Amino acid sequence: RTGSSPLTFVLTGIPSLPTSSSWMALPLCCLYLLMLLGNCTVLWMIKTDHSLHTPMYYLLSMLSMADLGLSLSTLPTMLAIFWFESTSLRFEACIVQMYFIHSFSAIESGVLVAMAFDRFVAICYPLRYASVLTSSLIMKAAGAIFMRGVCVVLPVAVLIKKMPFCRPRVLSHSFCLHQDMLRLVCGDVRVNSLYGLTAVILTKGLDSLTILLSYMMIIRAILRTVSREAQAKAFSTCVSHLCAVLVFYIPLIGLSIIHRFGKHLPPLTHTLLADAYLLVPPVLNPLVYSWKTKQIRRRILILLCQR
């Protein structure tokens, strides 16, 4: 790294597929456009419609911002590979991309926990909802979630920046991930691996357990409701959030498992799971919330009728 040539990594597109592939680049562009349109529309509607200025929709706007950050972190290298056949990336740029991907991922996980708490209070303590989930509490939660995502991932970037890397420096994905970069280190990676595992446990590990605990109490409260109609109504308010949790955590868990235990699997499996983890939630979340949330659906229909 001290020589004249800068340290660079080679990014991999999709195994067995040419890097310059218009039939792959066009769907990717469509996905990114759909993600931008969906999340920006949700943010604009929540900002302009005062009836949506409630804790639930403030949290939804935070989810949309995290989705935008997560997708825009991968956008430069994904499009560079499939549009311009540019597969090399400077070490510093790779570190920055890795930092933003993991930070926004931790932020999104924290927002999903806050949304689970919102549903828990709304169903288990409906009369205290307005007094518990105040605007002040939402702002403090947003600040804590953001700071946790920023601070927990920072040592990951600092530690890996000091590591020596072997040749060939070929990464397995179209973007930089910590586990993938760690695989190419020539030195002792025990500290990096231990801290990386600790960071995952302190963010997504604790978050997933908190969400699971919240839904256990939500289900218990719903089952205690006598009326079947009331049960169905209470559960329907959780469907959108459950979908968001599933599309975020299922690819994440799958990717973590195959990175540790699935080294014998074909490279295409790793690539597809990583792409699903980073691309699918930002695209699906606005669609699910727009379809399942009556206020947003009604607002979209009004806008379409006006045009």
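Thresholds, definitions, all that
- Residues numbered from 1 in each chain as written.
- Predicted model: local features only at pLDDT ≥ 70, side-chain atom pairs only at ≥ 80, totals over all residues.
- Heavy atoms only, no water.
- Disulfide = S-S within 2.5 Å.
- Helix = DSSP H or I, 4+ residues; strand = E, 2+ residues; numbered from the N terminus.
- Buried < 20%, exposed > 50% of the residue type's maximum accessible area, 1.4 Å probe, protein only.
- Contact = heavy atoms within 4.5 Å.
- Salt bridge = Lys/Arg side-chain N within 4 Å of Asp/Glu carboxyl O.
- Patch = residues over 30% accessible without salt bridge, like charges linked within 9 Å, V, L, I, M, F, W, Y side chains within 5 Å.
- Areas by Shrake-Rupley, 256 points an atom, 1.4 Å probe, with all protein chains shown as cover.

Enquirer: Account for the state of the cysteines, with residues named and values stated.
Expert: In the structure shown here, the tally under the stated rule is two disulfides. Shown here is the disulfide that connects Cys94 with Cys176, its sulfur atoms set 1.9 Å apart. Residues Cys94 and Cys176 are joined through a disulfide that is left-handed, its torsion about the S-S bond being -115°. Separated by 82 residues along the polypeptide, Cys94 in helix α3 (residues 91–124) and Cys176 in the loop between α5 (135–161) and α6 (178–182) bring together distant segments of the chain. Between the sulfur atoms of Cys166 and its disulfide partner Cys186 the distance amounts to 1.7 Å. Here the residue Cys166 occupies a position in the loop between α5 and α6, and Cys186 occupies one in the loop between α6 and α7 (190–223), the gap between them amounting to 20 residues. Taking relative accessible area as the criterion, Cys166 reaches 28% and is therefore assigned partly exposed. The disulfide pattern of the chain is 1-3, 2-4 when the bonded cysteines are numbered in sequence order. Counting only cysteine sulfurs, Cys30 is the nearest neighbor of Cys29, a cysteine outside any disulfide, at a range of 7.0 Å.

Enquirer: Would you mind going over the environment of Tyr195 in detail, with residue names and values included?
Expert: Residue placement: Tyr195 occurs in helix α7. Taking the relative accessible area as the measure of exposure, Tyr195 reaches 24% and is therefore partly exposed. Each C-alpha atom, one on Tyr195 and one on Val152, is 9.6 Å from the other, the two residues being 43 residues apart in sequence. In this structure Tyr195 touches Cys151, Val152, Pro155, Val156 and Leu159, once residues within four positions along its chain are discounted.

Enquirer: Residues and numbers for the pattern of salt bridges, please.
Expert: Pairing is possible between side chains that carry opposite charge, provided their charged atoms lie close to one another. The tally for this structure, following the rule as stated, stands at five salt bridges. A salt bridge links Asp180 to Arg183; the shortest N-O distance between them is 3.0 Å. Exposure remark for Asp180: the relative accessible area of 0% places this residue in the buried category.

Enquirer: Could you give an account of a nonpolar patch on the surface, with specific residues and numbers?
Expert: On the surface, Leu202, Leu206, Leu209, Leu212, Leu213 and Met216 cluster together to form a nonpolar patch covering roughly 600 Å² of accessible area. Checked against the element boundaries, Leu206 lands in helix α7.

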